[in-house]
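Working through the structure, step by step
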Amino acid sequence: MQATMLSIPDLIKKKRDGNALSDDDIQFFLQAVVENNIQEAQTGAMLMAIFMKGMVATETMALTKAMKLSGEVLSWPEEWAGLVVDKHSTGGVGDKVSLVLAPALAACGLKVPMISGRGLSHTGGTLDKLESIPGFNVSQPFPKLRSILAEVGCVIVGQTVSLVPADRILYALRDATSTVESLPLITGSIISKKAAESLNSLVLDVKFGRSAICKDLASAKALGESLVTAGNNLGMNTRAVFTHMSNPIGRCIGNSVEVIESLETLKGKGPSDLMELVSTLGGVLLVMTGKVSSLSEGGRLITESVTGGAALAKFQAMMVAQGVSNENAQSLCSAQADYHRILRRADHQTELRTHTQGVVIEIDGLVLAEVLHQLGAGRTNAGDPINHSVGAELLVSLGDSVNKGRPWLRIHFESPALTPDQTSRLEGALTLGGSGDKPLRGSLIEDMIPPM
């Protein structure tokens, strides 16, 4: 084979000079990475060559497939054929969609083996949010994962060491080598993990805006189309929804406070923007699996599973199956839950007030997330500890008319405390306009690559 005749330096040079790598080249490179038969500097050099020269569609496809096959590929009972689904978000601020969507899909009869990630930089991680619930175990061996799926219909766990090991190694080096934004590397990372889950259908929430990886719709569509093409080519029915991500989703940002907002949403009292995302993404998956014939019918069924309590019952069962005590799970899901009897509350809270009157036009989610990150809600390096109690609650919504001196933001913090600079940055995150001005956001849904 060609690849075995080329050395690793030859392969790096080949890509550095702008030539396409063959399937065998890519397989040879990834095998060296997984078996640790390559210097870390060489892996970094290849990542930078891919970042600088890009990959044609056939290379990206070969990369994604080889990454998928670098470790264990999950398998499911025959009776689940066509029912195994998942959702992936490219990351945002206040993005708690998975906590509501997974149990809603399970309530509609689908199987959701959601393998999620941790927060890094300003974006929050689903696993971190769930781990703010005492006892919730996101590390489940595959036999246990399958039994939870059989019993409950949804499970949310982290990536195991045997699932796509090539991605785990490359992901850490992409961060260290500033090659995170590479389209083929993003595609390979996301789709290889989802393909290793042996999904029937996958919906992608590709976000764009100030608080997203993609800053505009054009770059979001380029990413979405790359992901959809790779997913479909690997046998997963894959579609994408393009959504706005500048203002926070919902009213809470942070781990414990987002769990509380998710539980309130599952009790039928959630914010409209969060429910729009849940019903749209869930509706797409219900169409893709043949459960319904239209997006409107799919969205209605998802909404009814939430407002009627079926999704809440699935979330409660998932908590218990993943290690939360029956008493705590029941208490969190009760109508008049005392959330902070179970979830840690920060030692201090402070409120920011408006300096003038006006209409709420915009709330900069990126600024809020960056300050909360500095206060301990997020991590800079993988493995860093976080403080689940640190967070923020928005006390106003887009379009609200506010008077001078009205509280608009509550910050939950411990140590360190807010600095004057952080307070100034937070105050600058709120944009007020005149009575004739309109908020910069209506619907969060901008466009989609729809179900076939």
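Scroll up for the structure.
Read on for an overview of the structure. Everything numeric here is computed off the predicted structure, so don't read it as measured data.

**Quick word on the pairing of strand β2 (residues 112–116)**
Summarising burial for β2: 5 of the 5 residues are buried, a large majority. Neither face of β2 is left uncovered, since the one carrying Val112, Met114 and Ser116 and the one carrying Pro113 and Ile115 both have all their residues buried.

**Points about helix α10 (residues 183–196)**
Counted at 1.5 Å a residue, the expected span for α10 with its 14 residues is 20 Å, and the 20 Å between its end C-alpha atoms agrees. α10 sits mainly inside the fold: 12 of its 14 residues count as buried. Listing the buried residues of α10 in full gives Pro184, Leu185, Ile186, Thr187, Gly188, Ser189, Ile190, Ile191, Ser192, Lys194, Ala195 and Ala196. A positive backbone phi angle near 55° is found at Ser198, which sits one or two residues after α10.

**Brief notes about the environment of Met245**
Considering the arrangement of structural elements, one finds Met245 in the loop between β5 (237–244) and β6 (252–254). As a C-alpha pair, Met245 and Ile213 span 32 residues in sequence and 9.4 Å in three-dimensional space. Setting aside residues up to four positions removed in sequence, Met245 forms contacts with Gly91, Gly92, Val93, Lys207, Phe208, Gly209, Arg210, Ser211 and Ala212.

**Structural notes on the packing of helix α4 (residues 40–53) against helix α9 (residues 165–176)**
Two packed helices can be described by the angle between their axes and the distance between those axes. Here α4 crosses α9 at 75°, and the two axes come no closer than 10 Å. The pairing of α4 with α9 is recorded here as roughly perpendicular in orientation. The residues of α9 that touch α4, namely those facing Glu40, Thr43 and Leu47, are Leu170, Leu173 and Arg174. Its residues placed into classes, the contact of α4 with α9 shows 3 nonpolar, 1 polar and 2 charged.

**Overview of unusual backbone geometry**
Positioned with a positive phi, Ser178 is a non-glycine residue whose angle comes to about 55°. The residue Ser178 is located in the loop between α9 and α10 in this model. Despite not being glycine, Ser198 has its phi angle at roughly 55°, a positive value. With respect to the secondary-structure elements, Ser198 resides in the loop between α10 and β4 (201–208).

**Concerning the sheet that holds strand β11 (residues 407–413)**
Ordered in space as β6-β9-β11-β7, the 4 strands form an open sheet in which the pairing is antiparallel. Here the strands that pair on one side only, and so sit at the sheet edges, are β6 and β7 (348–353). Across the sheet, the mean angle separating the axes of adjacent strands is 15° when strand polarity is ignored. Looking at chain direction, β7 and β11 are connected through 6 bridges and run antiparallel.

**Description of the nonpolar core**
Counting 140 residues, the largest nonpolar core has Leu30, Ile133, Phe315, Met319, Leu409 and Ile411 as the members making the most contacts within it. Tallying contributions element by element places helix α13 (residues 272–288) first for this core, with 10 residues. Among residues more than four places away in sequence, those in contact with Phe315 are Leu99, Pro103, Leu130, Ile133, Leu263 and Leu266.

**Quick notes on the side chain of Glu59**
Here Glu59 shows up in helix α5 (residues 57–68). A polar side-chain atom of Glu59 sits 2.9 Å from a polar atom in the side chain of Lys15. A polar contact is formed between the side chain of Glu59 and the backbone nitrogen of Val56, at a distance of 2.9 Å. In this structure Glu59 touches Lys15, Asn19, Ala20, Leu21, Ile26 and Gly54, once residues within four positions along its chain are discounted.

**Looking at the packing of aromatic side chains**
The geometry of an aromatic ring pair is captured by two quantities: the separation of the ring centres and the angle between the planes. Per the counting criterion, the structure on display carries 2 aromatic pairs. Members of the aromatic cluster, joined through ring pairs, are Trp76, Trp80 and Phe142. Stacked on the ring of Phe242, the Lys or Arg Lys221 has its end atom at 6.0 Å from the ring centre.

**Quick word on the sheet that holds strand β12 (residues 430–433)**
Pairing is antiparallel across the open sheet formed by 3 strands, whose spatial order is β10-β8-β12. Two strands in the sheet have a free side with no partner beyond their single neighbour: β10 (401–402) and β12. Of the strand pairs in this sheet, strand β8 (residues 358–363) and β12 are connected by 4 bridges, and their pairing is antiparallel. Within β12, the residue paired with Ile363 across the bridge is Leu430.

The rules behind these values
- Residues numbered from 1 in each chain as written.
- Predicted model: local features only at pLDDT ≥ 70, side-chain atom pairs only at ≥ 80, totals over all residues.
- Heavy atoms only, no water.
- Buried < 20%, exposed > 50% of the residue type's maximum accessible area, 1.4 Å probe, protein only.
- Helix = DSSP H or I, 4+ residues; strand = E, 2+ residues; numbered from the N terminus.
- Expected span 1.5 Å × (residues − 1).
- Contact = heavy atoms within 4.5 Å.
- Axes fitted to C-alpha atoms, helices over the stretch in contact; angles between N-to-C directions.
- Parallel < 35°, antiparallel > 145°, perpendicular 65-115°, else oblique.
- Nonpolar A, V, L, I, M, F, W, Y, C, P; charged D, E, K, R; others polar.
- Pairing = 2+ DSSP bridges.
- Core = buried A, V, L, I, M, F, W, Y, C linked by side-chain atoms within 4.5 Å.
- Polar contact = N/O pair within 3.5 Å; in protein donor to acceptor, adjacent residues only side chain to side chain.
- Phe/Tyr/Trp six-rings, centres within 6.5 Å; stacked < 30°, edge-to-face > 60°.
- Lys NZ or Arg CZ within 6 Å of the ring centre and 35° of its normal.

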